[in-house]
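Summary of structural features
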Amino acid sequence: EEDMYRDAEEIEREKILLSETSFSEYKLSVAPEMDIMEYCRKEWRGNTPVAKRMRKGYEAVAQKFASIRRVRGDNYCALRATLFQALSQATQLPNWLQSENFTMLPENLLSKYDWINQWQLKQKLGRKMGEISEEIKEYLILLRKKWKNISEIKGPIEKQEACDKLFKNEEEEYSLYEALKFLMLNTAIELYNDDKNGRRVPVFSWLLFARDTSSNPCQLMHNHLNHIGHSGGLEQVEMFLLAYALQYTIQVYRLYKHSTDEFITLYPNDPEEDWPVVTLITEDDRHYNIPVRMCQETTL
């Protein structure tokens, strides 16, 4: 699947990687782990200022993590990396997944907002009224089932194997991303309504709805959420929305920001204390990979 964000240099690097990697391994959504500095040397061989900054960034990450897992570079990669990390360390079902009303979400939202019928599911652009509700409900049920099953696995090796297996099953994997996107829409609607009713909302919510292309949840769906995975990935402000939807803090090493205050960015930047933390790596705020094997305790 073409990544609409990649530039010529990235595509060239991918060709080199493809020539060195078996096709079946490349097709994995999350590749096997690799020593983080070995990966860096392979990716950033030149002496340009960008390459030097990237190497410095990877050296800093290597103080905390020993390995990296490359995430498949389509427009779902932010969702893929975040969900993979969340499931890899899950030890219990989050409260919002335990709610009795959770699976009724599509039906309840569609009863209030008929524009949600224009939600675009992957490769299914035409459907009858009512079908969307049932299909998204199935995706939400699948998300709860997989999260529950993986969180109940005690052994770290077995847990990792279960995650790897899930992310090799394309049909289930993409269904989970549709569930996440719908949860993001639900969160956006809640934030929008809270703001309209004079309740306090996080700053990113103002930024989300300050865009000309998403001044309300309907526009957000049409111009942004419907395109995620198809023709675009997550923008910065949507990383905040994903964090709020999952009630997770997403900690990102932004390598091109090395030696600035934004090198390690938190979504949200004022996280709830009881929210679990997942850690990602990005070179450009478009593609995300996963650091693994923590060397020492990471503190926020």
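Residues numbered from 1 in each chain as written. Predicted model: local features only at pLDDT ≥ 70, side-chain atom pairs only at ≥ 80, totals over all residues. Heavy atoms only, no water.

1. So, the pairing of strand S2 (residues 65-69)
The buried fraction of S2 is high, at 4 of 5 residues. Direction of pairing for strand S1 (residues 34-35) relative to S2: antiparallel, over a ladder of 2 bridges. Among the inter-strand pairings, Asp35 is bridged to a residue of S2, identified as Ser67. Alignment of S2 against strand S6 (residues 288-294), held across 4 bridges, turns out to be antiparallel. Across the sheet, residue Arg69 finds its bridge partner in S6, namely Ile290. (Buried < 20%, exposed > 50% of the residue type's maximum accessible area, 1.4 Å probe, protein only. Helix = DSSP H or I, 4+ residues; strand = E, 2+ residues; numbered from the N terminus. Pairing = 2+ DSSP bridges.)

2. Considerations on the nonpolar core
Leu143 and Trp147 are the most contacted members of the largest nonpolar core, which has 74 residues in total. Considering every element that reaches this core, the biggest residue donor is helix H10 (residues 170-196), with 12 residues. When sequence neighbours within four positions are dropped, the list of residues in contact with Leu143 reads Leu83, Trp96, Leu97, Phe102, Leu176, Ala179, Leu180 and Leu183. Membership of the second largest hydrophobic core comes to 15 residues, among which are Met37, Ala51, Val61 and Leu255. (Core = buried A, V, L, I, M, F, W, Y, C linked by side-chain atoms within 4.5 Å. Contact = heavy atoms within 4.5 Å.)

3. What to know about the UniProt feature "site: Linear diubiquitin binding" (unreviewed entry) in the protein chain
The sites that UniProt annotates as "site: Linear diubiquitin binding" (unreviewed entry) are Glu262. One can find Glu262 in the loop between strand S3 (249-254) and strand S4 (264-267). Not counting the four nearest positions on each side in its chain, Glu262 is found in contact with Arg254 and Lys257. (UniProt positions renumbered as here; feature names shortened; annotations may be inferred.)

4. Regarding the side chain of Ser151
Relative to the helices and strands, Ser151 is located in helix H8 (residues 131-151). In terms of polar contacts, Ser151 uses its side chain to reach the backbone carbonyl oxygen of Lys148, at 2.9 Å. Once residues within four sequence positions are removed from consideration, Ser151 is found in contact with Ala90, Thr91, Gln92, Leu93 and Lys159. (Polar contact = N/O pair within 3.5 Å; in protein donor to acceptor, adjacent residues only side chain to side chain.)

5. Focus: the packing of helix H5 (residues 77-88) against helix H13 (residues 236-246)
As a packed pair, H5 and H13 sit with axes 12 Å apart at the nearest point and diverge in direction by 35 degrees. The element H5 and its partner H13 pack so that their crossing is right-handed. Across the interface between the two elements, Ala78, Leu79 and Thr82 from H5 touch Met239, Leu242 and Leu246 from H13. (Axes fitted to C-alpha atoms, helices over the stretch in contact; angles between N-to-C directions. Left-handed = near helix turned anticlockwise from the far one by under 90°.)

6. Description of helix H3 (residues 36-43)
Those residues of H3 that fall on the buried side of the exposure criterion are Ile36, Met37, Tyr39, Cys40 and Glu43. For H3, the angular spread of buried residues about the axis comes to 155 degrees, placing them on one side. Taking the backbone nitrogen of Met37 as reference, a side-chain oxygen 3.1 Å away marks Asp35 as the first, capping residue of H3. (Arc of directions from axis to C-beta.)

7. A look at unusual backbone geometry
Between Tyr267 and Pro268 the backbone carries a cis peptide bond, its omega angle lying at -5 degrees. Position of Pro268 relative to the elements: it lies in the loop between S4 and strand S5 (277-282). One non-glycine residue, Gln247, lies in the positive phi region at around 55 degrees. For Gln247, the location among the structural elements is in the loop between H13 and S3.

8. Some remarks on the pattern of salt bridges
With the rule as written, the count across this model stands at 15 salt bridges. With its nearest N and O atoms 2.9 Å apart, the salt bridge here joins Arg69 to Asp164. Of this pair, Arg69 sits in strand S2 while Asp164 sits in helix H9 (residues 156-166), placing them 95 residues apart in sequence. (Salt bridge = Lys/Arg side-chain N within 4 Å of Asp/Glu carboxyl O.)

9. So, the UniProt feature "active site" (unreviewed entry) in the protein chain
UniProt records the feature "active site" (unreviewed entry) for Asp74, Cys77 and His287 in the present numbering. Over a stretch of 214 residues, the named residues converge on one spot in the fold, their C-alpha atoms separated by at most 8.4 Å. For Asp74, the position within the fold is in the loop between S2 and H5. When you line up the elements, His287 lands in the loop between S5 and S6. For His287, a relative accessible area of 14% puts it in the buried group. Apart from the residues within four sequence positions on either side, His287 is in contact with Val71, Arg72, Gly73, Cys77, Ile281 and Thr282. Within the structure, His287 has its side chain in polar contact with the backbone oxygen of Val71 (distance 3.0 Å).

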